[in-house]
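Spelled out from the first residue to the last, the chains are:
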Amino acid sequence: MKLILASASPRRRDLLSQAGFEFAIITGDIDESQREGENPVAYTSRLAAEKAIAVFDALVETDDVFVLGADTTVAVDGVMLGKPVDVADAEYMLYRLQGRAHSVTTSVALVAAKKSLVAAETTHVFFEPMSPDEISAYVATGEPMDKAGAYAIQGGAAPWITRIEGSYDNVVGLPVNLVREMLAKLEVS
Ligand SMILES: Cc1cn([C@H]2C[C@H](O)[C@@H](COP(=O)(O)OP(=O)(O)OP(=O)(O)O)O2)c(=O)[nH]c1=O
């Protein structure tokens, strides 16, 4: 089996290699805009599948190849927070998240020549209150700018995250146990 990670995310690359997988990386480009009425599972599942299919369709040799795409979104009060577009957007996202719980959903899509599978996982994350100065200082580090919900649990936001329910890897961008289960299912089916 040849595994291809269809992602430019260094977090996904690190999580997959720490889990012991060998893989190549090929990235594609897709439109990430939300569609009316899509919930986090529907939205991230569609995007994960589109990322994997875009790369799979461009392959010359597809024998025994599995392409993995993933997408992560943060949701609070029924609103999805993707990656911030600018500093003000990042500060606004962090204001919305502080002092309460929110959900982080990552979907994983595996696409092969004659079979495919998509699955989603959700983790609940509890954020302690941040002061306006703490929010500005954190955003000024630049770290929030390429992260869904404008924070990194594995980075500067860690001091404010007191508790999570569910998978930690899922928040960072790739639930590796789910990937393992999906690959096992696909390889025997
Ligand atoms: C909530 C959270 C998200 N993130 C990251 C994971 C994802 O990289 C990013 C969400 O954006 P995505 O659009 O899911 O992924 P991406 O654009 O970074 O990479 P690609 O589409 O090429 O696979 O936010 C963290 O690193 N830590 C966190 O705590």
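Residues numbered from 1 in each chain as written. Predicted model: local features only at pLDDT ≥ 70, side-chain atom pairs only at ≥ 80, totals over all residues.

Asker: Whenever I open this one, the confidence of the model for the chain confuses me. Can you help?
Answerer: Should pLDDT be low for a region, the predicted coordinates there are not to be read in detail. Taken over all residues, the pLDDT of the chain has a mean of 97, while the share at 70 or more is 99%. ipTM for the predicted complex: 0.97, alongside a pTM of 0.97. (pLDDT = per-residue confidence, 0-100.)

Asker: Can you walk me through the UniProt feature "active site" (unreviewed entry) in the chain in this structure?
Answerer: In this numbering, the UniProt entry assigns the feature "active site" (unreviewed entry) to Asp71. Judged by the 27 C-beta atoms lying within 10 Å of it, Asp71 is buried. Beyond its immediate sequence surroundings of up to four residues, Asp71 is in contact with Thr44, Leu47, Ala48, Lys51, Thr106 and Ser107. (UniProt positions renumbered as here; feature names shortened; annotations may be inferred. Buried ≥ 20, exposed ≤ 12 C-beta atoms within 10 Å, placed from the backbone. Contact = placed C-beta atoms within 7 Å.)

Asker: Looking at this structure, how should I read helix α1 (residues 10-18)?
Answerer: Residues of α1 that are buried: Arg11, Arg12, Leu15 and Leu16. Buried residues of α1 fall within an arc of 125° about the axis and therefore sit on the same side. Exposed side chains of α1 directed beyond 90 degrees from the buried face belong to Pro10, Ser17 and Gln18. Buried-residue contacts for α1 involve β1 (2-5), β3 (65-76), α5 (168-172) and α6 (176-188). Downstream of α1 by one or two residues, Gly20 has phi in the positive range, about 95°. (Helix = DSSP H or I, 4+ residues; strand = E, 2+ residues; numbered from the N terminus. Arc of directions from axis to C-beta.)

Asker: What should I look at first to understand unusual backbone geometry in this one?
Answerer: What you tend to see is this: most non-glycine residues have negative phi, and most peptide bonds are trans. Residue Asp77 is not a glycine yet carries a positive backbone phi of 50°. Here Asp77 shows up in the loop between β3 and β4 (79-81).

Asker: In this structure, what is going on with the site of the ligand? I would like to understand it.
Answerer: Taken together, 24 residues sit near the ligand, with Ser7, Ala8, Ser9, Ile153 and Gly173 positioned nearest. Residue assignment for the shell around the ligand shows that the elements contributing at least two residues are α1, β3 and α5. In terms of residue count, β3 provides more of the shell around the ligand than any other element does, four residues in total. Looking at the shell around the ligand residue by residue, the class counts come to 10 nonpolar, seven polar and seven charged. (Near = placed C-beta within 6 Å. Nonpolar A, V, L, I, M, F, W, Y, C, P; charged D, E, K, R; others polar.)

Asker: Could you clarify how one ought to interpret the UniProt feature "site: Important for substrate specificity" (unreviewed entry) in the chain in this entry?
Answerer: With numbering matched to this structure, UniProt assigns "site: Important for substrate specificity" (unreviewed entry) to Arg11, Thr72 and Gln154. Inspection of the secondary structure assignment puts Arg11 in helix α1. We classify Arg11 as buried; it has 20 C-beta atoms within 10 Å. Examined against the element boundaries, Gln154 turns out to sit in the loop between α4 (132-140) and β7 (161-165). For Gln154, a count of 17 C-beta atoms within 10 Å corresponds to the partly exposed category.

Asker: What's the story with the nonpolar core in this structure? I'm lost.
Answerer: Inside soluble globular proteins, nonpolar side chains tend to come together where they are buried. Core analysis: the largest hydrophobic core is formed by 46 residues, its most contacted members being Ala52, Val67, Leu68, Leu94, Val108 and Leu110. Top element by residues in this core is helix α2 (residues 40-57). It accounts for seven residues. Once you skip the residues sitting within four places of it in the chain, Leu68 turns out to touch Leu3, Ile4, Leu5, Ala6, Ala52, Val108, Leu110 and Val179. (Core = buried A, V, L, I, M, F, W, Y, C linked by C-beta atoms within 7 Å.)

Asker: Looking at this structure, I do not really get the environment of Val111. What am I missing?
Answerer: For Val111, the position within the fold is in strand β5 (residues 101-111). Classification of Val111 by C-beta neighbours within 10 Å gives buried; the count is 26. When the C-alpha atoms of Val111 and Val67 are compared, they prove to be 5.1 Å apart, with 44 residues separating the residues in sequence.

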